[in-house]
Amino acid sequence: MDQKPKYNTESMQRANQTSIYQLMTIGVIVSIIGVFLRFAGDSMMLSIVSWVILFVGAFICCKAVFKILGS
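Keep in mind the model is a prediction, meaning the values are calculated, not measured. (Residues numbered from 1 in each chain as written. Predicted model: local features only at pLDDT ≥ 70, side-chain atom pairs only at ≥ 80, totals over all residues. Heavy atoms only, no water.)

Chemist: Even after reading the chapter, I still don't get the overall build of the chain, so can you show me in this structure?
Modeler: Across its full length, the chain holds 3 helices and 0 strands. By the compact-globule yardstick of 11 Å for 71 residues, the chain is too spread out, its C-alpha radius of gyration being 18 Å. Projecting the C-alpha coordinates of the chain onto the three principal axes gives extents of approximately 65 × 20 × 15 Å. Looking at the chain residue by residue over its 71 residues, the buried ones come to 15%. Accessible surface, the chain as shown: approximately 5800 Å² in total, 69% of it carbon and sulfur. (Helix = DSSP H or I, 4+ residues; strand = E, 2+ residues; numbered from the N terminus. Rg over C-alpha atoms; globule rule 2.2 N^0.38 Å. Buried < 20%, exposed > 50% of the residue type's maximum accessible area, 1.4 Å probe, protein only. Areas by Shrake-Rupley, 256 points an atom, 1.4 Å probe, with all protein chains shown as cover.)

Set out below in structure tokens:
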């Protein structure tokens, strides 16, 4: 009647891959650089570049999260 939880399932192996967390760390670092550049200067071009860098970092993080979820 008691079911033991499966600790070594495919989804848990995928979620514990270090490459996914490295990808997420890179995404966070890129996002932080984008935020720093956003407040570093007042030029329009720097503002646009910083927003693009921020969104690229956020996209990388979302990609890593969806890999963990298996979507």
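Moving on from the model shown.
Chemist: Mind showing me how you'd approach the packing of aromatic side chains here?
Modeler: Describing an aromatic ring pair means giving the distance of the ring centres and the angle of the ring planes. The final tally for this structure, using the stated rule, is 1 aromatic pair. Aromatic pair Trp 51 and Phe 55: ring centres 5.8 Å apart, planes at 25°, arrangement stacked. Of the two residues, Trp 51 and Phe 55 are both situated in helix H3 (residues 44-69); the distance of 4 residues between them amounts to about one turn of the helix. Relative accessible area serves as the criterion here: at 36%, Trp 51 is assigned to the partly exposed category. Assessed through its relative accessible area of 53%, Phe 55 is described here as exposed. (Phe/Tyr/Trp six-rings, centres within 6.5 Å; stacked < 30°, edge-to-face > 60°.)

Chemist: So what exactly am I meant to see when it comes to a nonpolar patch on the surface here?
Modeler: On the surface, Met 44, Met 45, Ile 48, Val 49, Val 52 and Val 56 cluster together into a nonpolar patch covering about 570 Å² of accessible area. With respect to the secondary-structure elements, Val 52 resides in helix H3. (Patch = residues over 30% accessible without salt bridge, like charges linked within 9 Å, V, L, I, M, F, W, Y side chains within 5 Å. Salt bridge = Lys/Arg side-chain N within 4 Å of Asp/Glu carboxyl O.)

Chemist: Explain the side chain of Ser 47 to me, please; I cannot follow it from the model alone.
Modeler: Note on placement: Ser 47 falls in helix H3. Its relative accessible area of 15% is what places Ser 47 among the buried residues. A distance of 2.9 Å separates a polar atom in the side chain of Ser 47 from a polar atom in the side chain of Arg 38. (Polar contact = N/O pair within 3.5 Å; in protein donor to acceptor, adjacent residues only side chain to side chain.)

Chemist: Mind showing me how you'd approach the environment of Ser 50 here?
Modeler: Here Ser 50 is to be found in helix H3. Remark: the alpha-carbon pair of Ser 50 and Leu 37, spanning 13 residues in sequence, is separated by 5.4 Å. Excluding its chain neighbours within four sequence positions, the residues that come into contact with Ser 50 are Gly 34, Leu 37 and Arg 38. (Contact = heavy atoms within 4.5 Å.)

Chemist: What is the right way to look at H3 in this model?
Modeler: Every α-helix winds through 3.6 residues per turn, so residues three or four apart in the chain are directed the same way. For H3, with 26 residues, the first-to-last C-alpha span of 37 Å sits near the 38 Å given by 1.5 Å per residue. Where H3 is buried, its residues contact helix H2 (18-40). Residue Gly 70 follows H3 closely and has a positive phi angle near 80°. (Expected span 1.5 Å × (residues − 1).)

Distances and angles like these do not, on their own, reveal function.
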